[in-house]
Structure formats: structure tokens, C-alpha cells
Amino acid sequence: MSYADLHLHTQFSDGTYSPEELVRQAERHGFSAMALTDHDTVEGCARCATACSEAKIEFIPGTELTAEQDGNELHILGYFIDTQSRELLVEVARFQNVRQNRIREMVDRLNQHHVPLEADAVFELAKCRSPGRPHVARALVQAGLCSSLDEAFERFLKKNRPAWVPKFKISASDAINLVHKAGGVAVLAHPGLNRCDEVIPGMVEAGLDGIECFHTKHSNATSEHYLNIANRFRLLITGGSDCHGTSKGRPLIGSVKLPYQHIEKLRARAQQRNRPVTVPATS
Ligand code: AMP
Ligand code: FE
Ligand code: FE
Ligand code: ZN
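The numbering scheme is per chain: residues are counted from 1 as the chain's sequence reads. Note on labels: chains are lettered from A, ligands numbered from 1, in written order. Whole-chain, interface and lining totals are the exception, using all residues; otherwise, since this is a predicted model, local features are given only for residues with pLDDT of at least 70 and side-chain atom pairs are given and counted only at 80 or more. Based on all heavy atoms of the structure, the side-chain values leave hydrogens and waters out of the count.

Draft legend 1. A look at the coordination of the iron ion (ligand 2). For the iron ion (ligand 2), the full set of protein donor atoms is D14 (OD), H39 (NE2) and H244 (NE2), at a range of 2.1 to 2.2 Å. In this listing, donors mean N, O and S atoms no farther than 2.8 Å from the metal, or 3.2 Å for Na, K and Ca; water is missing from the atoms, so a site can look incomplete. In primary sequence terms, the donor set of the iron ion (ligand 2) follows D-x24-H-x204-H. In this structure the iron ion (ligand 3) is found 5.5 Å away from the iron ion (ligand 2). Here D14, found in the loop between β1 (3-5) and α1 (19-28), pairs with H244, found in the loop between β8 (236-240) and β9 (258-259); they are 230 residues apart in sequence, far enough to count as distant. The classification of residues rests on relative accessible area computed with a 1.4 Å probe and restricted to protein chains. Under 20% of the type maximum is buried, over 50% is exposed, and intermediate values are partly exposed. Under the relative-accessibility criterion, D14 is labelled buried at 16%. With relative accessibility at 9%, the residue H244 sits in the buried group. Note on conventions: DSSP H or I runs of at least 4 residues are helices, E runs of at least 2 residues are strands, and numbering of each starts at the N terminus.

This is how it looks when you write it as C-alpha cells:
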């Protein structure tokens, strides 16, 4: 039996592993396929693809887009995307610009609260185009301004704390369309964490292809619940660990092993969508 992990992060968003370290971990766990799904970026995909090819692991280029529907934050996973797609690159550049401005705004708010952090310290540490709160938290610890990441979140960065700044999101249907324009398959990430099943029918209408039934934070009952929903709406089934490396204790990679048959169905969906339309010959 071969398995895949379709939800993984690296240093190119809020994970701690480099692409090469992540692939080494995937190899250690015996995965035959893996996807990289960094938030609002595809920056790590090229290095991950090279490392996977050396490790004889099938690589699926992916991303995890920050979206919203009816006031709920949702994450849309894109798989088998063309990481050179113009539309995709333009949109992730917009995300990244807003994320970088958000860092500056968080730092401004910290400074107003007499916490002398500099935005450049965050960018220097993050070394990626898609920085977020974890990088601010790490910079606060590195500068000796907080004693732990938890303290940084509790005192400053959590929702409604002094340095919290809301995140930019696109609509769920725009996220689904963007994944499709990049030739990919669009999947609703960890629905068990967002708990807004009422938005699923609208997303299916908008072209949602699949749902992440298996996730580290889904109980068996939650996975069963979403398998039933997948069945009802004829959605493809995916799963992944959502490993962010070592930032939150033990790395999660290995906690979800998706049977390979699901990858074949995802690929078939992507190929079906990208097949050129054949115009019937006129006589
Ligand atoms: P952002 O996308 O910039 O809003 O940051 C979200 C990231 O911050 C996610 O990876 C979360 O897991 C992480 N995060 C949220 N709350 C905490 C916390 N209390 N301690 C450590 N990380 C957290
Ligand atoms: Fe994350
Ligand atoms: Fe997510
Ligand atoms: Zn994730």
C-alpha cells in the first residue's frame, strides 16, 4: 500500500522545515507522494520538486489560499497547479504584498505599546514572501522582548490583542476559480476546524472539487462526517497532516496517511479539466 501527505508547510510560509528537510521527513515516513501547501504562495514548490525527484517521491505542487465565505475564514487547497500560471502569480503577489504590509502594521502597533521591534528584524528572520504572525512571534522572542512564542501570541498577537491585525482574504469562489485557472483541483481544507458546513453547498456550486476529510485535528467521527458529505456532494477526498515542522512541538508529518488511490482521482480531475476542448469537425 502506498500513501501520501497532501497538507504540508515549509519556511516559505509558517513552517520551520526547509523544502529539503520536509522531503527528508516524508522519505523517513515512507510516503510515495506529497504536496506542498504553503499559505498564499508557491515559493517553495521548485525546491520541493527537486528534492522529491532525488528522493523518488512524487511531488504535487500546491498552495493553501486564505479565503472567506459568509464571514467565515476558510482555507482552499489547490493541487496539481501550474506554479508558473500568470493569474496565480499575480494573485499570490497581491496576497504577499498585503501580508508584508500587515507585518509592518503589527510592528507599528507593537511600537505604540513600547515594544521596540523593527519590521526588518521580522523580514530578515522570515526570509519568505508570505510572512505571518509566527514570524513576528519568533522575532519578539529572538529580540528578548518575549520569553516564548505562546507569550508573544497571548500578550500581543492573538485576535483582539494590541498588535493583532486582521488578515486579507479572497472570496471562496474567487479562490476556487484561481485554482482552476492555474489548472488545479480545489479542495476545502480542514472543514472540521472551521465548522461551517452550511457554506459547503455554495462552494460546490462554485466548482469545489474536493474536501479534506483526513486531518491531524479531525477525530474519527469528524472524518466520517466529512466522508459522508463528500459522498453526498460527489466530492473528491483528500487528507494531510498540516505539519508546520517543529514550531508546535512534535512534527505532525506521519499522523495522516492518505491511500494513493485518492491521488489518482485528483490527478484525473485535473487532467479532465485541462483537456483541450475538441471542436467537432464540420462537414
Ligand atoms: P497568520 O496566518 O499570520 O494569522 O498566522 C497564523 C499562524 O499562527 C498559524 O500557523 C497558527 O498556527 C499560528 N498561531 C496561532 N495562534 C498561535 C499560538 N497561540 N501560538 C503559536 N502559534 C499560533
Ligand atoms: Fe499555517
Ligand atoms: Fe489551514
Ligand atoms: Zn495548512
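Draft legend 2. Expanded view of the nonpolar core. Grouped together as the largest cluster of nonpolar side chains are 46 residues, with contacts concentrated most on V23, M34, I76, L188, M203 and I211. In this structure M203 touches Q69, L74, I76, A172, I176, L188 and L208, once residues within four positions along its chain are discounted. In plain words, nonpolar cores are sets of buried Ala, Val, Leu, Ile, Met, Phe, Trp, Tyr and Cys residues tied together by side-chain atoms within 4.5 Å. Should any heavy atoms of two residues lie within 4.5 Å, those residues are considered in contact.

Draft legend 3. Representation of the packing of helix α5 (residues 133-142) against helix α6 (residues 149-157). At their nearest, the axes of α5 and α6 sit 9 Å apart, and the two run at 110° to each other. When the axis of α5 is compared with that of α6, the two are roughly perpendicular. Note that α5 runs across α6; the crossing there is right-handed. Across the interface between the two elements, R133, P134, V136, A137, R138, L140 and V141 from α5 touch L149, A152, F153, F156 and L157 from α6. Here the term charged refers only to Asp, Glu, Lys and Arg, the term nonpolar to Ala, Val, Leu, Ile, Met, Phe, Trp, Tyr, Cys and Pro, and the term polar to all other amino acids, Gly among them. Taken together, the residues that form the contact of α5 with α6 break down as ten nonpolar, no polar and two charged. A fitted line through C-alpha atoms serves as each axis, taken over the contacting stretch for helices, and the angle formed by two N-to-C directions is quoted from 0 to 180°. Every angle not falling under 35 degrees, over 145, or within 65 to 115 is termed oblique; those three ranges are roughly parallel, roughly antiparallel and roughly perpendicular. In this scheme, a crossing is called left-handed if the near helix is turned counterclockwise away from the far one by less than a right angle; it is called right-handed if the turn is clockwise.

Draft legend 4. Quick look at helix α4 (residues 119-126). Where α4 is concerned, the buried positions are A119, V122 and A126. The arc that holds every buried residue of α4, seen down its axis, measures 65°, which confines them to one face. Every exposed residue of α4 that faces more than 90 degrees away from the buried side is listed here: D120 and E124. At its buried positions, α4 is contacted by α3 (86-112) and α5. Following α4 by one or two positions, K127 adopts a phi angle in the positive range, close to 45°. It is the directions from the helix axis to the C-beta atoms that the arc portrays.

Draft legend 5. Spotlight on the pattern of salt bridges. The working definition used for a salt bridge is a side-chain nitrogen of Lys or Arg within 4 Å of a carboxyl oxygen of Asp or Glu. Taken as a whole and judged by the stated rule, the model has 13 salt bridges. As a salt-bridge pair, R94 and E91 come within 2.8 Å of each other at their nearest N and O atoms. Taken together, the positions of R94 and E91, both in helix α3 and three residues apart, correspond to about one turn of that helix. Judged by its relative accessible area of 16%, E91 is buried. Residue E154 pairs with R161 through a salt bridge whose shortest N-O separation is 3.7 Å. Accessibility expressed as a relative area gives 40% for E154, which makes it partly exposed. With relative accessibility at 32%, the residue R161 sits in the partly exposed group. One salt-bridge network, in which partners are shared between bridges, spans E154, K158 and R161.

Draft legend 6. Fine view of the coordination of the zinc ion (ligand 4). Coordination of the zinc ion (ligand 4) by the protein involves H7 (NE2), H9 (NE2), E64 (OE) and D242 (OD), with metal-donor separations of 2.0 to 2.3 Å. A four-donor site is called tetrahedral if each angle lies between 85 and 135 degrees; a four-donor site is square planar, and a six-donor site octahedral, when trans pairs exceed 155 degrees and the remaining angles lie between 65 and 115; all other cases are labelled irregular. Around the zinc ion (ligand 4), the four donor atoms sit at angles spanning 79 to 167°, and that spread fits a shape best called irregular. All donors of the zinc ion (ligand 4) belong to a single chain; written as a sequence motif, their spacing is H-x1-H-x54-E-x177-D. Between the zinc ion (ligand 4) and the iron ion (ligand 2) the interatomic distance comes to 4.5 Å. Taken as a pair, H9 in the loop between β1 and α1 and E64 in strand β3 (residues 58-69) lie far apart in primary sequence, 55 residues in all. Overall, H9 belongs to the buried group, its relative accessible area being 0%. E64 gets classed as buried once you look at its relative accessible area, which sits at 0%.

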